[in-house]
Amino acid sequence: MSTPADQIITALRAGHEELAALVRDLKEDDLLRPSGASEWQVSQVLSHLGSGAEINLASLDAARTGAPGPDGDFNRSVWQRWDAMSPAEHAAGFLAANERLVEAYESLDAETRASLRIDLGFLPEPVDVATAGRFRLSEFALHQWDAEVAFNPFAAVTPEAVSLLLDQVGGMLGWTSRPQELAGREATLLVTLHAPERSYGLRLGEKIELVDAPEQADGELTAPAEAWLRLAAGRLGPAYTPEGVRVTGPLSLDDLRRVFAGF
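Computed from a prediction, not measured in an experiment: that's the story for all the values here. As a convention, each chain's residues are numbered from 1 in the sequence order in which they are written. Per-residue local features of the predicted model are confined to residues with pLDDT of at least 70, and side-chain atom pairs are confined, for both listing and counting, to 80 or more; whole-chain, interface and lining totals are unaffected and use all residues. The side-chain quantities take in all heavy atoms of the structure and omit both hydrogens and water.

J.: Describe the packing of helix α3 (residues 42-65) against helix α7 (residues 129-148), naming the residues involved and giving the relevant values.
T.: A fitted line through C-alpha atoms serves as each axis, taken over the contacting stretch for helices, and the angle formed by two N-to-C directions is quoted from 0 to 180°. Numbering goes from the N terminus for both helices and strands, where a helix is a DSSP run of H or I of at least four residues and a strand is a run of E of at least two. Where α3 meets α7, the closest approach of the two axes is 9 Å, and the angle between their N-to-C directions is 165°. In terms of their interaxial angle, α3 and α7 are classed as roughly antiparallel. For α3 against α7, the interelement crossing comes out left-handed. Where α3 abuts α7, its residues Val42, Val45, His48, Leu49, Gly52, Ala53 and Asn56 lie against Arg136, Glu139, Phe140, His143, Asp146 and Ala147. Broken down by class, the residue content of the contact of α3 with α7 amounts to six nonpolar, four polar and three charged. For classification, angles of less than 35 degrees are called roughly parallel, those exceeding 145 degrees roughly antiparallel, those between 65 and 115 degrees roughly perpendicular, and all remaining angles oblique. Left-handed describes a crossing whose near helix is turned anticlockwise from the far helix by less than a right angle; the clockwise case is right-handed. Contacts between residues were defined by any pair of non-hydrogen atoms, one from each residue, lying within 4.5 Å. Any residue that is not Ala, Val, Leu, Ile, Met, Phe, Trp, Tyr, Cys, Pro, Asp, Glu, Lys or Arg is counted as polar, Gly included; the first ten are nonpolar and the last four charged.

Here it is as structure tokens:
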């Protein structure tokens, strides 16, 4: 029976293979295209994913050997080296670095996947493999979309990642939301999702949070689950909004786009 860690590692491999298939064929001009990430070209998305893979692998290796985890100086040195690379080097470096990270996760046996604790550096306590992998999957899946949408305006976050990340959205709203954009307005929306199906309450006010689905709501947001995931991460611009996204009540979809402006 597969565990959450197994499922996440499988999704990391699937995402890598999909994005690698695209990246291997990219030419210089392709790498300079605007991506789905505001102000980043495709090569810069790959740089971010590649440098992140290096840092994630260093954390994983430290946990496996009992060595101290990477510190801020290590992270800065990685970022500086990647910042100095050319677009072609970003692409090649991403392919190599992310392959190494995924292989390292895949090499963990069942006991290690259950017992290992990894210090990610930005959390108060080390976390298990499933949690560390989920953080990486969240970053990877959204940036995979950033790269792919540069070549396909109908790109979507992969279904495997959506199903594994969907129930974690509430935890990131404190990072991705801007309550000040509401200018004092308050509302509670019923959020109705499909593929997969979910139902929540979205409370908007001085704090933005997910709550239980309300019996009486001020309005409703209906959407494919992957579109909601992208909206919460600031990636549901008008050009990338699929059919089936509807908002009723006192707030518009444009209001929600301003509230969820992303990281």
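Picking up after the structure, the text goes on.
J.: Help me get a handle on the sheet that holds strand β7 (residues 246-248), residues and values and all.
T.: Two orientations exist for strands paired in a sheet by backbone hydrogen bonds: parallel and antiparallel. One requirement defines pairing of two strands: DSSP has to find at least two bridges between them. The five strands lie next to each other as β5-β4-β3-β6-β7, forming an open sheet whose pairing is mixed. Each edge of the open sheet carries a strand with a single partner, namely β5 (209-211) and β7. If you compare each strand with its neighbour and ignore which way they point, the axes differ by 25° on average. Alignment of strand β3 (residues 187-194) against strand β4 (residues 198-204), held across seven bridges, turns out to be antiparallel.

J.: Tell me about the nonpolar core, and name the residues and values.
T.: Definition used in this section: a nonpolar core is a set of buried Ala, Val, Leu, Ile, Met, Phe, Trp, Tyr and Cys residues joined via side-chain atoms within 4.5 Å. The buried label applies to any residue whose accessible area, calculated with a 1.4 Å probe on protein chains only, is under 20% of its type's maximum; exposed applies above 50%, and partly exposed to all values in between. Core analysis: the largest hydrophobic core is formed by 64 residues, its most contacted members being Tyr105, Leu202, Leu204, Trp228 and Phe260. Aside from chain neighbours lying at most four places away, what touches tryptophan 228 is Leu166, Val169, Leu193, Tyr200, Leu202, Leu210, Leu221 and Phe260. Among the nonpolar cores identified, the runner-up in size contains 14 residues, and Val42, Val45, Ala147 and Ala150 belong to it.

J.: Outline the pairing of β3, supporting the account with residue identities and numerical values.
T.: The turn linking β3 back onto β4 is made up of three residues, and alanine 195 within it adopts a positive phi angle of 60°. For β3 and strand β6 (residues 219-224), the ladder comprises six bridges, and the chain directions are parallel. Considered in β6, the bridge of threonine 192 is made with threonine 222.

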